[in-house]
Every structure is written in structure tokens, then in C-alpha cells.
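Analysis of the macromolecular model
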Amino acid sequence: MEVCLSRRDLLVSLLSASALASTARRASAAASPGSAMRFIFTTAGRTAIMDAAGGDLQVLDFQEPDQVTWQPAGFFRDGRRILLLSMEARRDGPGRPFARYYTRTPTHIRTYDLQEKRLTEIATRDRMAVFYTPQLLLDDQRMLVQVFRNQVGQIFSMNLDGSDAREFTAAGEGLPYGFSLNRERRRVAFHLASPTGYQVWTSDFEGRRRTLVASHPDHLYFGPAWSPDGAWLAYLDCRFRQDPGHDWSDVCVSRPDGSEQRVLTRGQAHWFGASYGSPGNRGGGSNMLSWTRDGSILFSRKLPDSKVPWEYQPQRPDTDHFNRDYKPESARGGTEICRIDPSGGAIQAVTGSRPPVWDLRPSESPDGRTIVFCRAKTGRMPEIWCVESNGHNPRRLTRGLQGRGADHPRWLPLREGG
């Protein structure tokens with residue numbers, strides 16, 4: 001059966017935040033004394049790097065022809081190289097429906113050596129389509145890549161140069177994304193957008209030896225992430241039939257075999273389908289949870305009676321992947337970053353604001369001391385803030401470039417071995 005994916009599925013799959021977060025969490029913290037914590041983020045279609053004090057800003061401007069946007073897509077274990085996705089001008093637009101034309105956009109996968117300042121294009125051998133998007137670095141030699149051919153998405157495991165491509169999924173069975181690699185680097189977790197709904201699975205590197213973790217036709221299970229000790233998976237549960245815009249979800253955990261499933265929050269408490277910005281400069285994308293070094297979970301908790309300024313329009317055909325109307329006059333409340341104990345369910349607020357704003361995308365530093373996150377006021381693009389892990393000393397680090405905001409912060413891993 002051919003799967004017709006939603007517009008949200010296609011765009012969100014471009015940048016697997018959970019893969020970035022899980023790689024950063026697994027990075028060794030054994031760095032030399034005084035090593036600076038740095039994080040990577042996106043702004044104005046570019047990738048940038050900054051330190052935890054808000055200084056040493058580096059905007060990676062590669063001057064490659066015809067490339068419109070750049071996104072970080074993963075970190076190598078050596079702490080020096082990052083995986084990047086760049087895209088040419090989108091092929092969809094007025095008169096060209098998203099579902100038919102977006103995946104005709106040529107993309108490129110590259111590595112960048114932060115020390116040698118060297119950019120290298122990879123995945124060029126035996127290329128199967130113009131639309132490749134990296135999903136997960138399995139090790140220093142292989143990766144999982146999303147390939148779209150004839151509007152059907154499929155995941156392949158391949159060498160970094162693109163050779164020896166092996167099917168991770170069969171064409172038409174559904175599209176996995178939201179990948180996360182366990183501590184032993186032997187199993188991957190992912191959610192599968194399939195004809196029977198959104199399910200959470202684990203498998204080996206070849207997509208075999210699969211285990212179904214969570215599945216229900218009335219629930220959209222999304223974004224699994226391995227705990228630091230590999231004993232648990234955390235993921236989101238959206239009641240999409242009551243919430244077709246995917247604004248909200250609950251936080252869940254289970255064992256990797258699907259046992260001991262628990263819903264840690266109630267009332268769809270997590271801000272899931274984040275939408276923000278102004279009509280002339282809007283943004284969005286799935287807002288994922290993340291683990292901390294001590295085994296708690298960070299998420300964006302909805303304040304009571306909150307409503308986002310961008311209202312989903314279910315009666316209108318979605319031609320641009322942002323099927324929403326801007327209604328700031330009806331917006332209220334916001335979100336705060338919270339820490340939840342997966343064993344007992346105790347919740348502790350890490351951020352707060354008066355008047356309330358929308359806090360999202362938390363990421364804890366490899367040393368466990370600092371959390372970076374995005375903060376968006378109603379009608380504004382997000383800024384990047386940081387706060388100590390105990391909730392003290394919140395401060396803004398950057399508004400981004402050209403007034404277009406700053407988004408998707410993730411800590412660079414510390415170099416293995418110091």
C-alpha cells in the first residue's frame with residue numbers, strides 16, 4: 001500500500017531533533033579542564049555556533065552555489081565533525097502542491113570539520129533520487145537516509161559516500177523518522193507513520209528484528225528517545241482525533257520491549273506541534289522532549305487554559321504545510337520548561353515568565369549544568385535562552401540574524417577522550 005504522508009510528516013522528517021539530542025546526550029563528558037560548552041542552532045536559513053555565555057558566535061556561511069537553507073543533522077563521536085543538510089530553492093509553491101512538488105527539491109548531505117574548516121559533500125555515489133535527507137548517524141561509516149522517489153518515502157542504510165544502500169523500510173510500508181540510537185549503539189528507536197497510524201518501534205541497524213513498543217488507532221505516538229542508561233524509551237502521545245492540528249500531547253515512557261508503559265502527564269500537557277511567529281515571519285515544527293544526564297525528562301508544559309495564536313483550520317485544504325490562521329487576539333497563556341521524574345511522575349518547573357511566553361526545545365549540556373531552549377513571545381520568532389539546570393539565572397543568548405529568530409538549539413558533544 002502506498003502511504004500518502006501529511007505535509008507535517010515530510011517537513012518534520014527533514015530534521016530529526018531526537019537523533020541530534022540523543023547523539024549529544026551520549027557524548028562523553030570527559031573533556032579537558034576549561035573546555036567551553038558550545039551549542040549549534042539555526043537562524044535565517046543558516047547554521048550557527050555559540051558558547052554558553054552567548055559569545056564566540058560563528059555563522060557557517062559556506063558560499064556553496066544554489067543552496068538556500070542549511071540544517072545540522074547529526075554529530076560525529078570525534079566531537080569535531082557535524083553532519084549537514086542543505087537544500088536548493090523549494091520546488092513547491094503557488095500552483096505547485098506541497099505533496100507533489102516539495103520532494104522534487106534537490107538536497108545535499110555534507111560533513112563539516114569544525115577544526116579544519118573543511119566542507120565535504122557525501123552520499124553522492126549511486127544516488128537514487130534528488131531528495132535525500134539524513135536521519136541518523138549509526139557510526140562513523142554508515143547512516144540512515146530518507147529517500148523520496150515518485151512521492152514515496154523510504155529509509156535506507158548506506159555508507160557515508162552513498163554506496164552499499166540497503167533497505168531499512170520497504171517502499172509503501174510507511175515512513176519512519178524521529179530516530180534515536182541506544183547507548184550500546186546496537187538498536188534504534190523510531191516512530192512509523194503507517195496506514196494504521198503512528199507507532200513506536202525499535203529495530204536493529206538494518207530495520208529488522210523489530211519490536212512494537214506503542215500503537216493505537218486513536219493515538220499518534222511520536223519521537224521516541226532512549227534514556228541515558230538505555231533501559232527506557234520516552235515518547236509523545238497526541239490525541240489527534242480531538243486535536244487535528246497536533247498542538248498538544250502527553251509524555252510517556254516504557255521499556256524498549258513495550259512493557260511497563262506509563263503516561264507521565266495528563267490532559268495533553270506538552271506543547272507538541274509548535275507554531276509561532278508573525279504572518280510575515282512564521283515558524284513551526286515538532287517540539288520534542290529530551291532526557292537529562294540524571295535520567296529525568298525535559299518537556300514544555302502547557303500553562304492552564306493556554307491557546308496558541310496560530311489556529312488550525314481543518315476545513316481548508318493544506319497547500320503550504322501551515323494550515324493555520326493568525327489570531328493573536330485569541331491567544332492566551334504559554335508554556336514553561338519542566339523536569340519530570342519518570343519513576344514517580346514528580347514535575348518541577350525549570351523556566352517561568354511573567355507575562356507568560358512560549359518556551360520550547362530544551363537541551364541539557366553534556367556536563368549537565370546548563371539548559372538551552374527557545375523562547376517565543378506571542379507573534380514573535382523564537383530567541384535562544386539558557387538557564388542553569390536548577391532553574392537559576394535565566395538569560396537570553398541571541399535573537400538570531402536578520403530578525404528571523406533563532407531555533408533548534410542542540411549542544412555540540414564534547415570530544416571523546418578529552
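Residues numbered from 1 in each chain as written. Predicted model: local features only at pLDDT ≥ 70, side-chain atom pairs only at ≥ 80, totals over all residues. Heavy atoms only, no water.

**Quick notes on the pairing of strand β5 (residues 81-87)**
We apply this condition: Only protein chains enter the area calculation, which uses a 1.4 Å probe; residues under 20% of their type maximum are buried, those over 50% are exposed, and those in between are partly exposed. Helix numbers and strand numbers start at the N terminus; a helix is a DSSP run of H or I with at least 4 residues, a strand a run of E with at least 2. Two strands are said to pair when DSSP picks up at least two bridges between them.
The buried count for β5 comes to 6 of 7 residues, which makes it a mostly enclosed element. In this sheet, β5 lies alongside strand β4 (residues 69-75) in antiparallel orientation, the contact comprising 6 bridges. Of the residues in β5, the one forming a bridge with Gln-71 is Leu-85. The pairing of β5 with strand β6 (residues 107-113) spans 7 bridges and is antiparallel. Residue Ile-82 lies in a different strand from β6, and its bridge partner there is Tyr-112.

**What about the nonpolar core?**
To keep it simple, the criterion reads: Within this scheme, the nonpolar core is defined by two criteria: the residues are buried Ala, Val, Leu, Ile, Met, Phe, Trp, Tyr or Cys, and they are joined through side-chain atoms within 4.5 Å. Contacts between residues were defined by any pair of non-hydrogen atoms, one from each residue, lying within 4.5 Å.
Membership of the largest hydrophobic core comes to 40 residues, with the highest contact counts inside it found for Val-188, Phe-222 and Ile-297. Sequence-distant contacts of Ile-297, defined by excluding residues within four places in its chain, comprise Ala-234, Val-251, Val-253, Leu-264, Leu-289, Ser-290, Trp-291, Cys-338, Arg-339, Ile-340 and Pro-342. Among the nonpolar cores identified, the runner-up in size contains 23 residues, and Phe-41, Trp-271, Val-308 and Trp-358 belong to it.

**Brief notes about the sheet that holds β5**
Stated precisely, the cut-off is as follows: Note on method: axes are straight lines fitted to C-alpha atoms, helices fitted across the in-contact stretch only, with angles between N-to-C directions ranging 0 to 180 degrees.
Strand order in the open sheet formed by 4 strands is β4-β5-β6-β7, and the pairing between neighbours is antiparallel. Unpaired on one side and paired on the other, β4 and β7 (118-122) mark the two borders of the sheet. Neighbour-to-neighbour, the strand axes of the sheet open up by a mean angle of 30 degrees, direction not taken into account.

**Some thoughts on the pattern of salt bridges**
Oppositely charged side chains may form a pair once their charged atoms are brought near each other. What counts, and what does not: Only one rule defines a salt bridge in this text: a Lys or Arg side-chain nitrogen within 4 Å of an Asp or Glu carboxyl oxygen.
If you walk through the whole model with that rule in mind, you get 30 salt bridges. Asp-294 is the salt-bridge partner of Arg-339, the closest N and O atoms lying 3.9 Å from each other. Of this pair, Arg-339 sits in strand β27 (residues 335-340) while Asp-294 sits in the loop between β23 (290-291) and β24 (297-302); the two residues are 45 residues apart in sequence, bridging distant segments of the chain. The class for Arg-339 is buried, based on a relative accessible area of 12%. Relative accessible area serves as the criterion here: at 60%, Asp-294 is assigned to the exposed category.

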